Amino acid sequence: MRRTVLAAILAAAPGLAARAQTEITIQHPLPTANSHYGAGAMAFKETLEKLSNGKYHVTIQRNDNEREMIESVQIGTLDFTITSTGPVGNFVPEVRAVDVPFLFRDYAHARGALDSKVGQDILAKFPSKGLIGVIWMENGFRHLTNSRHEVHNPADVKGLKVRTMENQVHMRAFSTLGALPTPMAFSELIPALQQGTVDGQENPIPVIVANNIDQVQKFLTLTGHVYSPALLIGSPALWGRLSDADKAMFVQAATAARDANRAKVTADEQNGVAELRRRGMDVTTKVNTEEFQKALAPAFAQYEKDLDANTLRRLRDWKPAQ
Ligand code: EAX
């Protein structure tokens with residue numbers, strides 16, 4: 001009897017099976033139209049929908065609370081998030097190693113190290129914490145902005161109330177410099193800057209440009225004090241249901257997302273500083289990096305104790321294959 005009814009339903013609605021779509025939702029904290037995460041999310045959507053012939057339909061949403069998104073992915077109410085590693089170390093402690101200031105020499109070093117075995121070994125720590133670290137993406141090298149004065153050396157940072165991400169590694173760095181690190185979610189940042197609750201913040205050029213942070217901050221110093229990785233994190237509830245063939249499609253879509261995201265960061269890095277100057281920011285480009293690194297020595301010593309020293313060494317010493 002049941003088989004007949006099912007046959008009748010399928011006959012009555014031709015293409016019903018073909019139209020059966022699985023909805024996938026991905027969230028990230030930046031404007032989709034013009035941001036490096038938005039470029040990644042769009043590439044993920046286009047690639048997965050194309051490869052699956054429409055079996056999967058991807059909806060992109062903005063949510064500027066990264067900790068919240070990670071929690072939603074963990075409990076399965078959200079399928080994917082693109083997030084900076086900012087709060088991720090609170091879920092997967094091994095990730096904190098990648099947040100150490102001045103760890104990566106440049107973009108090629110960061111991208112190469114994270115895509116190599118040491119980066120994959122860190123992603124392998126996610127499932128036991130109820131998350132799938134699908135692929136490393138990119139936020140960019142972080143620079144300091146503030147509303148008080150130009151910053152040229154570590155002494156200029158002393159006493160500044162600086163918003164940091166909810167990230168122990170970054171907070172230690174700023175307190176070591178004599179600043180007053182004030183952790184908060186990205187969603188609270190602009191109001192805090194508008195109300196003067198904090199004097200400054202630090203973010204990559206693409207984030208500063210995409211969120212018009214120049215409207216609430218006068219001074220930008222290209223400290224490049226830390227490379228900020230990003231991640232595409234998936235829900236184990238969804239990931240565990242995928243066939244191997246479908247998983248391969250998701251991995252291909254994730255790779256397309258990473259490549260589009262990194263290409264947008266590269267473009268923003270080339271044009272962003274000139275754009276921020278055009279918008280009226282006072283930009284300090286000459287920074288005595290050695291002085292900042294010297295001032296951070298006590299923090300580096302603590303990181304060697306608190307974090308996995310071998311992972312730090314593998315990340316720091318990574319070089320492209322000759
Ligand atoms: O991931 O919170 C931050 O400062 C992050 O850089 C931002 O959410 C983009």
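Residues numbered from 1 in each chain as written. Predicted model: local features only at pLDDT ≥ 70, side-chain atom pairs only at ≥ 80, totals over all residues. Heavy atoms only, no water.

- Per an unreviewed UniProt entry, the protein chain is named DctP family TRAP transporter solute-binding subunit, and its organism is Teichococcus coralli.
- Its UniProt record, at the heading Subcellular location (unreviewed entry), says of the protein chain: "Cell envelope".
- Check the Sequence similarities (unreviewed entry) section of the UniProt entry for the protein chain; it says "Belongs to the bacterial solute-binding protein 7 family." (UniProt positions renumbered as here; feature names shortened; annotations may be inferred.)

Focus on the overall build of the protein chain
Then step 1. Across its full length, the protein chain holds 14 helices and nine strands.
Then step 2. Its C-alpha atoms give the protein chain a radius of gyration of 21 Å, within 12% of the compact-globule value 20 Å for 322 residues.
Then step 3. Across its three principal directions, the C-alpha atoms of the protein chain cover 80 × 45 × 35 Å.
Then step 4. Relative to its full complement of 322 residues, the protein chain shows a buried share of 52%.
Then step 5. Considering only intrachain contacts with a sequence separation of at least 6, the fraction spanning at least 24 residues in the protein chain is 74%.
Then step 6. With an accessible surface of roughly 14100 Å², the protein chain has 53% of that area assigned to carbon and sulfur atoms. (Helix = DSSP H or I, 4+ residues; strand = E, 2+ residues; numbered from the N terminus. Rg over C-alpha atoms; globule rule 2.2 N^0.38 Å. Buried < 20%, exposed > 50% of the residue type's maximum accessible area, 1.4 Å probe, protein only. Contact = heavy atoms within 4.5 Å. Areas by Shrake-Rupley, 256 points an atom, 1.4 Å probe, with all protein chains shown as cover.)

Here we look at the pairing of strand 3 (residues 80-84)
Then step 1. Judged by how many residues are buried, strand 3 sits mostly within the fold: five of five residues are covered.
Then step 2. Burial along strand 3 is two-sided: Phe80, Ile82 and Ser84 facing one way and Thr81 and Thr83 facing the other are all buried.
Then step 3. As paired strands, strand 1 (residues 22-28) and strand 3 are joined by two bridges and run parallel to one another. Within the sheet, the bridge partner assigned to Gln27 lies in strand 3 and is Thr81.
Then step 4. In this structure, strand 3 lies alongside strand 8 (residues 219-234), joined through five bridges in antiparallel fashion. The residue of strand 8 that forms the bridge with Thr81 is Ile233. (Pairing = 2+ DSSP bridges.)

Points about the pattern of salt bridges
Then step 1. Enumeration according to the criterion identifies 17 salt bridges in this entry.
Then step 2. Note that Asp121 is salt-bridged to Lys117, the shortest N-O span being 2.6 Å. A residue pair is termed a helical-turn pair when its members lie 3 or 4 positions apart in one helix, as Asp121 and Lys117 do in helix 6 (residues 117-123) at four residues.
Then step 3. Given a relative accessible area of 24%, Asp121 falls into the partly exposed group.
Then step 4. Under the relative-accessibility criterion, Lys117 is labelled exposed at 55%.
Then step 5. Beyond isolated ion pairs, a larger network of salt bridges with shared partners links Asp115, Arg258, Asp259 and Arg262. (Salt bridge = Lys/Arg side-chain N within 4 Å of Asp/Glu carboxyl O.)

Looking at the environment of Val162
Then step 1. Positionally, Val162 belongs in strand 5 (residues 161-164).
Then step 2. Val162 gets classed as buried once you look at its relative accessible area, which sits at 0%.
Then step 3. Taking the C-alpha atoms as reference, Val162 lies 20 Å from Gly89; in sequence the two are 73 residues apart.
Then step 4. If we ignore the near neighbours within four places in the chain, the residues touching Val162 are Leu144, Phe174, Ala179, Leu180, Pro181, Thr182, Gly200, Gln201 and Glu202.

Regarding the site of the ligand
Then step 1. All residues adjacent to the ligand are Tyr37, Glu66, Ser84, Asn139, Arg142, Arg163, Met165, Phe186 and Asn203.
Then step 2. Contacts to the ligand include Glu66, whose side-chain N or O atom sits 2.6 Å from an oxygen atom.
Then step 3. Starting from 260 Å² of accessible surface for the ligand in isolation, the protein chains cover 99%.
Then step 4. Within the shell around the ligand, the residues separate by chemical class into three nonpolar, three polar and three charged. (Near = heavy atom within 4 Å. Polar contact = N/O pair within 3.5 Å; in protein donor to acceptor, adjacent residues only side chain to side chain. Nonpolar A, V, L, I, M, F, W, Y, C, P; charged D, E, K, R; others polar.)

Quick look at unusual backbone geometry
Then step 1. Phi angles above zero are rare outside glycine, and Phe102 is one such case at about 55 degrees.
Then step 2. Its place among the elements puts Phe102 in the loop between strand 3 and helix 5 (107-115).

Brief notes about the packing of helix 7 (residues 168-176) against helix 13 (residues 297-306)
Then step 1. Across the interface, helix 7 lies against helix 13 with an axial gap of 9 Å and an inter-helix angle of 155 degrees. The orientation of helix 7 with respect to helix 13, classified from their angle, is roughly antiparallel. Crossing of helix 7 over helix 13 shows right-handed handedness. Only Pro298, Ala299, Gln302, Tyr303 and Asp306 of helix 13 make contact with helix 7, whose side of the interface consists of Val169, Arg172, Ala173 and Thr176.
Then step 2. Class assignment for the residues of the contact of helix 7 with helix 13 results in five nonpolar, two polar and two charged. (Axes fitted to C-alpha atoms, helices over the stretch in contact; angles between N-to-C directions. Parallel < 35°, antiparallel > 145°, perpendicular 65-115°, else oblique. Left-handed = near helix turned anticlockwise from the far one by under 90°.)

As for the environment of Val265
Then step 1. Tracing the backbone through its elements, the reader meets Val265 in helix 11 (residues 244-278).
Then step 2. Judged by its relative accessible area of 0%, Val265 is buried.
Then step 3. A C-alpha to C-alpha distance of 22 Å links Val265 and Ile190, two positions 75 residues apart in sequence.
Then step 4. Not counting chain neighbours up to four residues away, the residues in contact with Val265 comprise His36, Tyr107, Arg111, Glu138, Asn139 and Pro206.

Overview of the side chain of Asp282
Then step 1. By secondary structure assignment, the location of Asp282 is in strand 9 (residues 282-284).
Then step 2. Not counting residues within four places of it along the chain, the set of residues in contact with Asp282 comprises Glu150, Lys218, Phe219 and Leu220.

A look at the packing of aromatic side chains
Then step 1. Here the structure, examined in full by the defined rule, presents 11 aromatic pairs.
Then step 2. The interplanar angle of 80 degrees and the centroid separation of 6.0 Å between the aromatic rings of Tyr107 and Tyr227 together place this pair among those described as edge-to-face. Taken as a pair, Tyr107 in helix 5 and Tyr227 in strand 8 lie far apart in primary sequence, 120 residues in all. You'll find Tyr107 and Tyr227 in the same group, each marked buried. (Phe/Tyr/Trp six-rings, centres within 6.5 Å; stacked < 30°, edge-to-face > 60°.)

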